[in-house]
Amino acid sequence: MGSLRRTYGQPIENRELVKRRMRVWAALMAGCDALVAWAVGLSIRLSRELEAIIAKIFGSEAQKEAAIDLS
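This section reports on the structure supplied with the text. (Residues numbered from 1 in each chain as written. Predicted model: local features only at pLDDT ≥ 70, side-chain atom pairs only at ≥ 80, totals over all residues. Heavy atoms only, no water.)

**Regarding the overall build of the protein**
- Across its full length, the protein holds 2 helices and 2 strands.
- Counting from the amino terminus, the protein carries its helices and strands in the arrangement β-β-α-α.
- Split by element, the accessible area of the protein, about 5,600 Å² in all, is 63% carbon and sulfur. (Helix = DSSP H or I, 4+ residues; strand = E, 2+ residues; numbered from the N terminus. Areas by Shrake-Rupley, 256 points an atom, 1.4 Å probe, with all protein chains shown as cover.)

**Here we look at unusual backbone geometry**
- Unusually for a residue other than glycine, Tyr8 sits at a positive phi of about 50°.
- Structurally, the position occupied by Tyr8 is in the loop between strand E1 (6–7) and strand E2 (10–11).

**Focus: the environment of Asp69**
- You can see Asp69 is positioned in helix H2 (residues 50–69).
- Taking C-alpha positions, Asp69 is 9.7 Å from Arg21, a pair spaced 48 residues apart along the chain.

**Topic: H2**
- In a regular helix each residue adds 1.5 Å, so 20 residues correspond to 28 Å; H2 covers 27 Å between its end C-alpha atoms and thus fits that length.
- Residues of H2 that are buried: Glu51, Ala55, Gly59 and Ala62. Viewed along the axis of H2, the buried residues span an arc of 70°, placing them on a single side of the element. Away from its buried face, by an angle of more than 90 degrees, H2 presents the exposed residues Lys56, Ile57, Ala67 and Ile68. (Expected span 1.5 Å × (residues − 1). Buried < 20%, exposed > 50% of the residue type's maximum accessible area, 1.4 Å probe, protein only. Arc of directions from axis to C-beta.)

**A word on a nonpolar patch on the surface**
- Side chains of Trp38, Leu50, Ile53, Ile54 and Ile57 sit close together on the surface and give an oily, nonpolar patch of about 470 Å² of accessible area.
- Counting residues per element, the nonpolar patch draws most heavily on H2, at 4 residues.
- Along the chain, Ile54 falls in helix H2.
- Ile54 gets classed as partly exposed once you look at its relative accessible area, which sits at 37%. (Patch = residues over 30% accessible without salt bridge, like charges linked within 9 Å, V, L, I, M, F, W, Y side chains within 5 Å. Salt bridge = Lys/Arg side-chain N within 4 Å of Asp/Glu carboxyl O.)

Shown next as C-alpha cells:
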C-alpha cells in the first residue's frame with residue numbers, strides 16, 4: 001500500500017531521509033527488545049537489578065532519540 005503523502009511526485013517513503021530514520025527506529029527497537037530480554041534473563045537467574053537499570057536507561061534514551069532527534 002502506497003503512502004498518501006508525496007513529494008516531488010514520489011511517495012514519501014521513497015525518500016532517503018525517511019528510510020534512514022525508519023532504519024534507526026528499527027535498530028533502536030531491536031536493541032531495546034534484546035536488552036530487555038537479556039536483563040530479564042539475568043535478573044531471573046541471578047536476582048540482580050543492575051541489568052534492569054541499564055535496560056531502563058537505554059530504553060528512555062532510545063525514546064528520546066526517536067521522539068526528539070529523529071522527528
